[in-house]
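Letter by letter, the chains look like this.
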Protein chains: 2
Amino acid sequence: MEVPRSELQWIDRIQALAARSPVRRGMVLGVGDDCAIFRPRAGEDLVFTTDLLIEDIHFRRTYAPADVGHRALARGLSDIAAMGAAPRFCLLSLATTANTAPRWIDNFFRGLLRLADRTSTVLAGGDLARGHTAITADIVVCGAVARGSALRRDGAGAGDGIYVSGLLGGAALGLEKGPRKGGRAWRRHVVPEPRLALGRSLRGRATACIDLSDGLTLDLHRLALASGLAAEFDAGALPVFPGASEAQALSGGEDYELLFTLPPEARSPRGTTRIGTMRRGIAGRITRNGRAITPAGYDHFSAGTKSAG
Amino acid sequence: MEVPRSELQWIDRIQALAARSPVRRGMVLGVGDDCAIFRPRAGEDLVFTTDLLIEDIHFRRTYAPADVGHRALARGLSDIAAMGAAPRFCLLSLATTANTAPRWIDNFFRGLLRLADRTSTVLAGGDLARGHTAITADIVVCGAVARGSALRRDGAGAGDGIYVSGLLGGAALGLEKGPRKGGRAWRRHVVPEPRLALGRSLRGRATACIDLSDGLTLDLHRLALASGLAAEFDAGALPVFPGASEAQALSGGEDYELLFTLPPEARSPRGTTRIGTMRRGIAGRITRNGRAITPAGYDHFSAGTKSAG
């Protein structure tokens, strides 16, 4: 393998990797100019998200680099899913370190592009720089949705049911157990699967939606706060990932499932569980069996602090 | 000043700062949901760029934080100018460090938003994380241009004149002299002015365009390579910033002027200088008085190495 030695050579390499992707919808010009050019379709809104992925915070160098690439894109795609949108393209900024092997970067892009292909997301551009001690990736994803139909977090109504997809706490359990003992839970942590099909199916049905990136109680707090309502957990069981604790399910974070609300008369979509009800009350307040719960989860800013306050 | 202590509080603060901006063109939803929502206009192409700004590589902590915020956005806007586009919105990902003062972050956003307001760019979202030892910002800027009219770097024809705007080498001179002795050159380095009006005026006239981020010879090499042509410097003088050396003008980088080509019969737009002619020959080859010049400038990847090879 020839080792790229300059930015120009890296751009060539990434262009070559990206060119294998058959998906080109809407992209007039991809990697290699000052800007990528995208031609929107009539009648569509575009949605945009950006997510930082930092070594020793969101991943470790011991992870398979292809998994890190997957993870960088999956986090952005999960936000696209939460809006009910279909992904169109992504941009990737990558700050490497002096000791990042070219093979690491190559495999990072291979993992990212594999997920990009599978989800019809074009890698349209980005930036490469040599940084300091921690590899830092920033992913931007653009999705499209029929005009006015994007799911938001501020539309829940009093009486709406609260639902989650999948099983919660798996990512936290995987992180706790590590790659050797974590099994399926470890995969949940490392290579989360964005719930794009579910998100799209919720358009016109869900009144509000958010992805579970930072922990159920914290993300529910955000949805409730945005909707100006309180939220009450039903007495029934949470859908807990096998082996995970209730605390991991409630505040572990990084499950990248969808949390959404449906009108009172709605039925659970397949693969989802009703976990509570939106109520009039103090905006953002969460109760369980009548008792207030302090929203807790991963706060990206005050890392280590686990509270929304 | 109340000090934000959590990501939620920072998002509130940034929302409050961004809300002062009067510009909302096309933004349906800004900071605060999983994604920002943008409604494109009919008949427009959108252009996207992303640029990393890393402490101790692209700026130092001793710089005024408002200037760093300006600089982060200006680099992205310069790419938008090079496409002949009008900026629409930006997204900003910011990884801070344990020792970043809240006031630093506030002033960073104030500087960024001041330039955003002045250029009609909406701050539509982003990400905040606590990183490690170096503040790292990644700016994404979206611009709009009438369908099919974006300037690219691959359209130059043989015989086209090569032009640059402004004076070159000022940023490199400023960086060399520092804040106390650098005067106007220091300001060129710290708070570059993106050439948005010139870029827009070149639509339908310029055959190719690129912004001067990495040094004249390196960026000219890129334009020539993309256009499949060689480039020849005219014998005439380069427009050198007062006090800068010819080497600084040729390869200093970060001047954020525009480098573009016009058909043979065209006249220089005001404030620009003709510096050469596109020629048939080895793609990307640059000559001056008949001698080949090795393209040199700042390579973001192999920092310190100054060659395009």
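What you are looking at is a predicted structure, and each value in this text was computed from that prediction instead of being measured.

K.L.:
Can you tell me about the pattern of salt bridges, naming the residues and giving the values?
P.N.:
By the definition in use, this model includes 43 salt bridges over all chains. In this structure, Arg-110 of chain A engages Asp-106 of chain A in a salt bridge whose closest nitrogen and oxygen atoms are separated by 3.7 Å. One end of the pair, Arg-110 of chain A, and the other, Asp-106 of chain A, are both in helix H3 (residues 102–118), four residues apart, so they sit about a helical turn from each other. One salt bridge in this structure joins Arg-118 of chain B and Glu-193 of chain B, with 2.9 Å as the shortest N-O distance. Placement of Arg-118 of chain B in helix H3 (residues 102–118) and of Glu-193 of chain B in the loop between helix H5 (183–190) and helix H6 (196–201) is noted, with a sequence separation of 75 residues between them. Glu-193 of chain B gets classed as partly exposed once you look at its relative accessible area, which sits at 31%. Salt bridges sharing common partners tie together Asp-51, Arg-71, Arg-75 and Glu-254 of chain A.

K.L.:
Tell me about empty space enclosed by the protein, and name the residues and values.
P.N.:
What the rule picks out here adds up to three cavities of 30 Å³ or more. The space that makes up the largest cavity amounts to roughly 130 Å³. Looking at the largest cavity, it is lined by 14 residues, and the ones nearest its centre are His-132, Ala-134 and Thr-136 of chain A together with Ala-134 and Thr-136 of chain B. Its residues assigned to classes, the lining of the largest cavity comprises six nonpolar, eight polar and no charged.

K.L.:
Kindly report on the interface of chain A and chain B, identifying the contributing residues and their values.
P.N.:
Often, the extent of an interface is quoted as the loss of accessible area upon association of its parts. Taken together, the contact pairs 69 residues of chain A with 69 residues of chain B. Note on chain A versus chain B: buried area summed over both sides is about 6,100 Å², and carbon and sulfur give 59% of it. Remark: the boundary between chain A and chain B carries four salt bridges. For Asp-34 of chain B, the salt bridge identified is with Arg-153 of chain A, shortest N-O distance 3.4 Å. Connecting chain A to chain B are 20 residue pairs in polar contact (both at pLDDT 80 or more). Among the elements that take part in the side of chain A that touches chain B, strand E3 (residues 44–54) of chain A stands out by supplying ten residues, more than any other. Relative to strand E2 (residues 36–38) of chain B, E3 of chain A runs antiparallel, the two being bridged by three bridges. Counted as the bridge partner of Phe-48 of chain A is Ala-36 of chain B from E2 of chain B.

K.L.:
Before we move on, can you summarise the confidence of the model for chain A with the specific residues and values?
P.N.:
Residues and elements named next belong to chain A. Of all residues in chain A, 91% have pLDDT values of 70 or greater, and the mean over the chain is 89. When mean pLDDT is compared element by element in chain A, strand E10 (residues 258–262) scores highest at 98, while helix H1 (residues 7–19) scores lowest at 69. With pLDDT under 50 throughout, residues 303–309 is counted as low confidence; its partners more than four residues away or in other chains account for 16 contacts. Across the whole predicted complex the pTM is 0.90, and at the interface the ipTM reaches 0.88.

K.L.:
How would you summarise the packing of helix H2 (residues 65–82) of chain B against H3 of chain B if you had to cite specific residues and measurements?
P.N.:
The relative placement of two packed helices comes down to the angle between their axes together with the axis-to-axis distance. Residue and element names in this part refer to chain B. Here H2 crosses H3 at 40 degrees, and the two axes come no closer than 6 Å. Between H2 and H3, the crossing angle belongs to the class labelled oblique. Judged by the twist between their axes, the crossing of H2 over H3 is right-handed. Between H2 and H3, the residues in contact are Pro-65, Ala-66, Val-68, Gly-69, His-70, Ala-72, Leu-73, Ala-74 and Leu-77 and Trp-104, Asn-107, Phe-108, Gly-111, Leu-112, Arg-114, Leu-115, Ala-116 and Arg-118, respectively.

Here is what the cut-offs are and how they apply
Residues numbered from 1 in each chain as written. Chains lettered and ligands numbered in written order. Predicted model: local features only at pLDDT ≥ 70, side-chain atom pairs only at ≥ 80, totals over all residues. Heavy atoms only, no water. Salt bridge = Lys/Arg side-chain N within 4 Å of Asp/Glu carboxyl O. Helix = DSSP H or I, 4+ residues; strand = E, 2+ residues; numbered from the N terminus. Buried < 20%, exposed > 50% of the residue type's maximum accessible area, 1.4 Å probe, protein only. 1 Å grid on protein atoms, 1.4 Å probe; cavity = no way out; pocket = protein on both sides within 12 Å on 5 of 7 lines; lining within 4 Å. Points joined across faces, edges and corners; volume = space filled by probe spheres on them. Nonpolar A, V, L, I, M, F, W, Y, C, P; charged D, E, K, R; others polar. Contact = heavy atoms within 4.5 Å. Buried area = accessible area lost by both parts, 1.4 Å probe. Polar contact = N/O pair within 3.5 Å; in protein donor to acceptor, adjacent residues only side chain to side chain. Pairing = 2+ DSSP bridges. pLDDT = per-residue confidence, 0-100. Axes fitted to C-alpha atoms, helices over the stretch in contact; angles between N-to-C directions. Parallel < 35°, antiparallel > 145°, perpendicular 65-115°, else oblique. Left-handed = near helix turned anticlockwise from the far one by under 90°.

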